[in-house]
Amino acid sequence: MRPVIWCGDHAELIDQTALPTKEDWLTCRTPDEMADAIFTMKVRGAPAIGISAAYGIALAALRCSDRSLTGLQRELSRAHQIIQSTRPTAVNLFWALQEMRKIWENAESADGLTQQLIDRACAIAREDEEMCRAMGRHGAELVPPQAKILTHCNAGALATGDYGTALGVIRAAHEQGKLDMVWVDETRPFLQGARLTAWELMQDRIPCRLICDNMAGFLMKQGRIDLAVTGADRITANGHVANKIGTYTVATLCKVHNIPFYVAAPYSTIDPKLHDGNDIVIEERHPDELTTLAGKRIAPEGVSVYNPAFDVTPPELITAIITERGVFRPPYAQTLAQAFN
Ligand code: MRU
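What this report covers is the structure whose coordinates are included nearby.

What counts as what
Throughout, a residue's number is its position along its own chain's written sequence, starting from 1. Totals for whole chains, interfaces and linings use all residues, but because this is a predicted model, local features are given only for residues with pLDDT of at least 70 and pairs of side-chain atoms are given and counted only at 80 or more. Hydrogen atoms and water are omitted, and side-chain values are computed over all heavy atoms in the structure. Only DSSP runs of H or I reaching four residues or more are called helices, and only runs of E reaching two or more are called strands; each is numbered from the N terminus. The quantity called the radius of gyration is restricted to C-alpha atoms. Its globule counterpart is 2.2 Å times the number of residues to the power 0.38. The rule is simple: take the accessible area with a 1.4 Å probe, protein chains only, and divide by the maximum for that residue type; under 20% is buried, over 50% is exposed, in between is partly exposed. Whether two residues touch is decided by their heavy atoms; if any such pair falls within 4.5 Å, the residues are in contact. Surface accessibility follows the Shrake-Rupley procedure with a 1.4 Å probe radius. Residue values consider only the protein chains on display as shielding. Positive charge is attributed to Lys and Arg, negative charge to Asp and Glu, and no charge count is given to His or to the chain ends. By convention, the charge on Lys lies at NZ, on Arg at CZ, on Asp at CG and on Glu at CD. For two strands to pair, DSSP has to find at least two bridges joining them. Axis lines are fitted to C-alpha atoms, over the contacting stretch for helices. Their N-to-C directions set the angle, which ranges from 0 to 180 degrees. Nearness here has a simple test: a residue counts as near a molecule or strand if at least one of its heavy atoms is within 4 Å of that partner. Side-chain atoms alone can form a polar contact between residues adjacent in sequence; in general such a contact is a pair of N or O atoms within 3.5 Å, and within protein one must be able to donate a hydrogen while the other accepts it. Residues are grouped as follows: Ala, Val, Leu, Ile, Met, Phe, Trp, Tyr, Cys and Pro are nonpolar; Asp, Glu, Lys and Arg are charged; all remaining types, including Gly, are polar. Salt bridge, as used here, is a side-chain nitrogen of Lys or Arg placed within 4 Å of a carboxyl oxygen of Asp or Glu. A helix is expected to reach a length of 1.5 Å times the quantity of its residues less one. Working rule for angles: under 35 degrees goes down as roughly parallel, over 145 as roughly antiparallel, 65 to 115 as roughly perpendicular, anything else as oblique. Left-handed is the label given to a crossing in which the near helix is rotated counterclockwise from the far helix by less than a right angle, and right-handed is the label when the rotation is clockwise.

**Some remarks on the overall build of the chain**
Then, number 1: Within the chain, the secondary structure is distributed over 11 helices and 16 strands.
Then, number 2: Compactness check: the chain gives a C-alpha radius of gyration of 20 Å against a globular reference of 20 Å for 341 residues, within 12% of the reference.
Then, number 3: Along the three orthogonal principal directions, the C-alpha set of the chain runs to about 65 × 50 × 40 Å.
Then, number 4: When each of the 341 residues of the chain is scored for burial, the buried share is 57%.
Then, number 5: Within the chain, residue pairs in contact and separated by at least 24 positions form 73% of the contacts whose partners lie at least 6 positions apart.
Then, number 6: Carbon and sulfur atoms form 52% of the exposed surface of the chain, whose accessible area is close to 14300 Å².
Then, number 7: Here the chain contributes 34 positive and 41 negative side-chain charges, whose respective centroids are spaced 4 Å apart.

**With respect to the sheet that holds strand β3 (residues 25-28)**
Then, number 1: A sheet is described by the order of its strands in space; here 3 strands give the open sequence β1-β2-β3, paired in antiparallel fashion. Each edge of the sheet is formed by a strand with only one pairing partner; in this case those strands are β1 (4-6) and β3. Pairwise comparison of adjacent strand axes, ignoring direction, gives a mean angle of 25° for this sheet.
Then, number 2: Here strand β2 (residues 11-14) runs beside β3; their pairing, made up of 4 bridges, is antiparallel. Note on β3: the bridge partner recorded for Glu12 is Thr27.

**Concerning the side chain of Asn307**
Then, number 1: Looking at where Asn307 falls in the secondary structure, it is placed in the loop between β13 (296-297) and β14 (310-313).
Then, number 2: Assessed through its relative accessible area of 4%, Asn307 is described here as buried.

**Concerning the site of the ligand**
Then, number 1: Lining the immediate environment of the ligand, one finds 19 residues, of which Arg44, Ala46, Arg87, Asn243 and Lys244 sit closest.
Then, number 2: One nitrogen or oxygen atom from the main chain of Ala46 is found 2.8 Å from an oxygen atom belonging to the ligand.
Then, number 3: Contacts to the ligand include Asn243, whose side-chain N or O atom sits 2.7 Å from an oxygen atom.
Then, number 4: Protein burial of the ligand: of its 420 Å² of free accessible surface, 100% is covered by the chains.
Then, number 5: Breaking the shell around the ligand down by element, the ones donating at least two residues are α2 (46-63) and β9 (241-244).
Then, number 6: Taken together, the residues that form the shell around the ligand break down as 8 nonpolar, 7 polar and 4 charged.

**Notes on the side chain of Lys244**
Then, number 1: Following the sequence through the fold, Lys244 ends up in strand β9.
Then, number 2: Of the buried charged residues, Lys244 lacks a salt bridge, with Glu283 as the closest side chain of opposite charge at 6.1 Å.
Then, number 3: Those residues in contact with Lys244 that lie beyond four places of it in its chain are Arg87, His152, Cys153, Thr187, Gln192, Asp233, Ala309, Phe310 and Asp311.

**A closer look at helix α4 (residues 91-106)**
Then, number 1: With 16 residues, α4 ought to run about 22 Å at 1.5 Å a step, and its terminal C-alpha atoms sit 23 Å apart, in line with that.
Then, number 2: Every buried residue of α4 is accounted for by Val91, Asn92, Leu93, Trp95, Ala96, Leu97, Glu99, Met100, Arg101, Ile103 and Trp104.
Then, number 3: Turning to α4, the residues buried within the fold contact α2, α3 (69-84), α5 (113-140), β8 (234-236) and β11 (270-271).

**Considering the packing of helix α1 (residues 31-39) against α3**
Then, number 1: Where α1 contacts α3, the axes come no closer than 9 Å and their chain directions differ by 10°. Of the possible angle classes, the one that applies to α1 and α3 is roughly parallel. Considering only the axes of α1 and α3, their crossing is right-handed. Across the interface between the two elements, Pro31, Asp32, Ala35 and Ile38 of α1 pack against Glu75, Arg78, Ala79, Ile82 and Ile83 of α3.
Then, number 2: A class-by-class count of the residues in the contact of α1 with α3 yields 6 nonpolar, no polar and 3 charged.

**What to know about the packing of α2 against α4**
Then, number 1: Interhelical geometry of α2 versus α4 gives an angle of 30° and a closest axis separation of 7 Å. Classed by the angle they form, the pair α2 and α4 counts as roughly parallel. Note on packing geometry: the crossing formed by α2 with α4 is right-handed. Contacts from Ala46, Pro47, Ile49, Gly50, Ala53, Ala54, Ile57 and Ala58 in α2 reach Asn92, Leu93, Ala96, Leu97, Met100 and Trp104 in α4.
Then, number 2: By residue class, the composition of the contact of α2 with α4 is 12 nonpolar, 2 polar and no charged.

Take a look at the structure:
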C-alpha cells in the first residue's frame, strides 16, 4: 500500500490521523496543502515525508502562473521554504527537497522543467519502494526461525514509498516463513504503533500483538522477544540514530537483556555532515498530544508539558544498521563511510 500517490496533476494521500477508524484519502493540489499535510502528520514517517515534499515541489511548478524560468524559480524557492519548515528531524525531507532543487536551480529554460520535476518526484517514490524491498531482503537474513520481533512507532508501508523499512524486514521474514509474531509498541503519545502498525500488519494478516510501551522490558525478561527492529529519521555519520521517542528506551532494554537491536533505513536517512547525536534537531510537538487522548483531556488544565517527538540512540546500543546496500555493523564511522563514500 502506498501512502502518497501521484495522480497526473495532483497528489492523493491517505489521512494517517484518521486511521484506523477511517480510510480517508486527501487531495493535495498545491505545495501549501502538501506542507500542511506534513505538518499535521496526515502523512508522516521519514521516507514518506521526503516523497511528499518532492511532490509538493512538483505541485508548485504545476500551479505557478508565471511560466518564465525566473517566475518558476521564485515560486519553487517559496515552496521549498514552506515545506522545509514543516518538520525538522527527518533528514529525508531536506534530502528530497535538495534533489528537486538541483533540477530547478540548474535549469536553463522553463521548457520541460515542470515535467522533469514530476518525473524526479515519482522516481524518488519508486526508488524508495525498491530500497525498502532490498532492506527487507538483507534484514530478513538476521531473523532467526520462529522469531518474535518487537517494533516501535510505524516504519511500514505507511511511512515509506511502500513495504516499509523496519516492517519491510518483518514482511520479508514473514514471506520466508521465519516469523512467529510481532510485538507492537503502542508508541505514546501519537500512537503510531497502536493506530498504524497494528492496522498495517493486520491488513497483511501478519500475526501481531499490541502492548503499551512500558511493557516491553517485562516481555524481554520473560524471553518473549528475540530481536527489536525500528526505523530512523536521521543517522549521523558515526551511527547515532534519531527515531521516534521511546526508541532509546527500547535499545537500552535490549542491551540489558542481550537482545539484538536493529535499525532499518535507506541511505537518504544518513546525514554524512553530522557526527554528534546532540546536533540532531529534535522536534517538539504540541502539549495537547500528551494532555488529551482521542480529544478527551487526561491531565490537569494548565500542567506544564515537555513533548519531544524523537530521541537519539547511540551507536553502542545498535547491533546493526540495515540499509538497501547491506547490513552495517560497528564501528559505524568506518563501515558507513566505506559504503556511502
Ligand atoms: O513522527 P513520525 O510518525 O513521522 O515518526 C516516524 C518515525 O519515527 C519512524 O520510525 C521513522 O520516520 C522511520 S519511517 C520508515
